[in-house]
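An overview of the molecular structure
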Amino acid sequence: MKKTIAYFINQYPKVSHTFIRREILALERQGYSIQRIALRGWDAELVDVQDHSERDKTQYVLKDGVLPLLLAAARVFLNRPIRFMAALKLSLSMGRGAERSWPYHIVYLAEACRILPWLDVSGASHVHAHFSTNSTEVVMLANALGGPGYSFTVHGQVELTYSGLATKIRRSRFVVAISSFGRSQLFHKIEYPLWHKIKVVHCGLEPDFHKIPASPPPATRRMVCVARLSKEKGHFILIEAMNQLIRKGLDIQLVLAGDGELRAEIELLISKYDLTDFVRVTGWISSEQVRDEILASRCLVLPSFSEGLPVVIMEAMALRRPVLATYVGGIPELVVSGKHGVLFPAGSVEDLSKAIENMFSRSKDELVDIGDAAYLRVLERHSIDGESLKLAGYFTKFSH
């Protein structure tokens, strides 16, 4: 019988984190028992049916307020005073020079105390966290209190800037990077003797994405950008490029699928350039709706300034749609410019405009060839069952 693995996430489920759900479900298909623990997410707005199901399976640390945290901390202090003091010292050290002051790190310790009995009851032999932020600190502190060993996945560039990353890696069993580029950036943050801990496991797509019958590119001259409306995704560059191309007389439409803190500013710029007839903002949509928007488009465009390796690129390629994206993060490891789409320099309105013109000048047969090549590429590199099998191997190897 395979062991229980606990997953600890800051917020779960979450509209923009379907890759975590896919990973959990793939591990369960392999026979693992997955315990889901999250700090928050019990009252989040969800648009996906599967996310509603996942919420019912998740234990929430902060759902009952502060009192359970205080009682949990007192209980651990009385039962494991030596471990508690060592963990307290560790939490205070994590607060020195950190983005958040030491009181936050004391809260993380209380959260670690809160999940200890949950881990004991489930019999979890290992805890895996996503993102190197407070979620990883909580599982590190739980381990210092006597809980199981842990690992964590690092997704993006921002995670590399947080203080205490080297300590989290040093105390972990292993660390996952989602691309070779991500692995190299982690190497840059730690001393050479720790390099062996960094493993590459790609995010992946469930079999349903791969099994969809081939669909030819639509007649509509539409492209879609699926991304959170935040500054690192480069939406303003995309609107500037759209303004240039529409003024030149190019007949194209753009769908911005997503939501976020910059929505009002983006919609204001769309209105300023009188592009409301050409650009549509959907807000948050479900996984099925994302798939429908990609299928209804000629290509996916993602003008990001900073990325790990976006899952939506994998989704577009699995649906046989070309990709227009920037040369950042792990994107060039998956997308070969000229073969699976077009890559262009980040931050350049001119280069983005040229990439869009290039894609919309292609014939239907050319688009089909690009889409087929993209499909084969992502099928080979990003199957969630294959990647989760790799991850499960590390769980087995390092939890003994």
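Attention here is on the structure that accompanies the text.

So, how was this worked out
Residues numbered from 1 in each chain as written. Predicted model: local features only at pLDDT ≥ 70, side-chain atom pairs only at ≥ 80, totals over all residues. Heavy atoms only, no water. Helix = DSSP H or I, 4+ residues; strand = E, 2+ residues; numbered from the N terminus. Rg over C-alpha atoms; globule rule 2.2 N^0.38 Å. Buried < 20%, exposed > 50% of the residue type's maximum accessible area, 1.4 Å probe, protein only. Contact = heavy atoms within 4.5 Å. Areas by Shrake-Rupley, 256 points an atom, 1.4 Å probe, with all protein chains shown as cover. Lys, Arg positive; Asp, Glu negative; His and termini not counted. Charge placed at Lys NZ, Arg CZ, Asp CG, Glu CD. Pairing = 2+ DSSP bridges. Axes fitted to C-alpha atoms, helices over the stretch in contact; angles between N-to-C directions. Patch = residues over 30% accessible without salt bridge, like charges linked within 9 Å, V, L, I, M, F, W, Y side chains within 5 Å. Salt bridge = Lys/Arg side-chain N within 4 Å of Asp/Glu carboxyl O. Expected span 1.5 Å × (residues − 1). Parallel < 35°, antiparallel > 145°, perpendicular 65-115°, else oblique. Nonpolar A, V, L, I, M, F, W, Y, C, P; charged D, E, K, R; others polar.

This part takes up the overall build of the chain. A count of helical and extended segments in the chain gives 17 helices and 13 strands. Taking 400 residues into account, the globule formula puts the C-alpha radius of gyration at 21 Å, and the chain, at 22 Å, falls close to it. When the backbone C-alpha atoms are referred to their principal axes, the chain occupies close to 75 × 45 × 40 Å. The burial tally for the chain puts 57% of its 400 residues in the buried class. Within the chain, counting contacts between residues at least 6 apart in sequence, those at least 24 apart form 70% of the total. If you sum the accessible surface of the chain, you get close to 16,900 Å²; carbon and sulfur atoms cover 54% of it. Each charge class in the chain can be summarised by its mean position, and for the 49 positive and 42 negative side chains these summaries are 8 Å apart.

On to the sheet that holds strand β10 (residues 279-283). Here six strands make up an open sheet; going across it, the order is β10-β9-β8-β11-β12-β13 and the pairing parallel. Pairing within the sheet leaves two strands with one partner each, and these edge strands are β10 and β13 (341-344). Neighbour to neighbour, the strand axes of the sheet diverge by 20 degrees on average, direction disregarded. Sheet strands touched by helix α10 (residues 235-247): β8 (222-226), β9 (253-257), β10 and β11 (299-302). Its angle to β9, the strand with the most contacts, is close to 165 degrees. Across the sheet, helix α11 (residues 263-272) lies against β9 and β10, angled at about 160 degrees from β10, the strand it touches most.

Two strands in a sheet stick together by hydrogen bonds in their backbones, pointing the same way (parallel) or opposite ways (antiparallel). Taken together, the seven strands give an open sheet; going across it, the order is β3-β2-β1-β4-β5-β6-β7, and neighbouring strands pair in parallel fashion. Only two strands of the sheet have a single partner each, and these edge strands are β3 (58-60) and β7 (198-200). Direction aside, the axes of adjacent strands within the sheet are offset by 25 degrees on average. Sheet topology places strand β2 (residues 33-40) next to β3; three bridges connect them, and they run parallel.

The next thing to look at is a nonpolar patch on the surface. The grouping of V66, L67, L70 and L71 at the surface amounts to a nonpolar patch, some 410 Å² of accessible area in total. Summarising the element assignment, L67 is placed in helix α3 (residues 67-79). Under the relative-accessibility criterion, L67 is labelled exposed at 55%.

A few words now on helix α16 (residues 364-381). Between its first and last C-alpha atoms α16 spans 26 Å; for 18 residues at 1.5 Å apiece the expected length is 26 Å, and the two agree. For α16, the set of buried residues is L367, I370, G371, A373, A374, Y375 and V378.

Let us now look at the packing of α3 against helix α5 (residues 102-122). Running from amino to carboxyl end, α3 crosses α5 at an angle of 75 degrees, the nearest separation of the two axes being 8 Å. Relative to α5, the element α3 lies roughly perpendicular. Residues P68, L69, A72, A73 and V76 of α3 touch α5, and the partners they reach there are A110, E111, C113, R114 and L116. Its residues placed into classes, the contact of α3 with α5 shows eight nonpolar, no polar and two charged.

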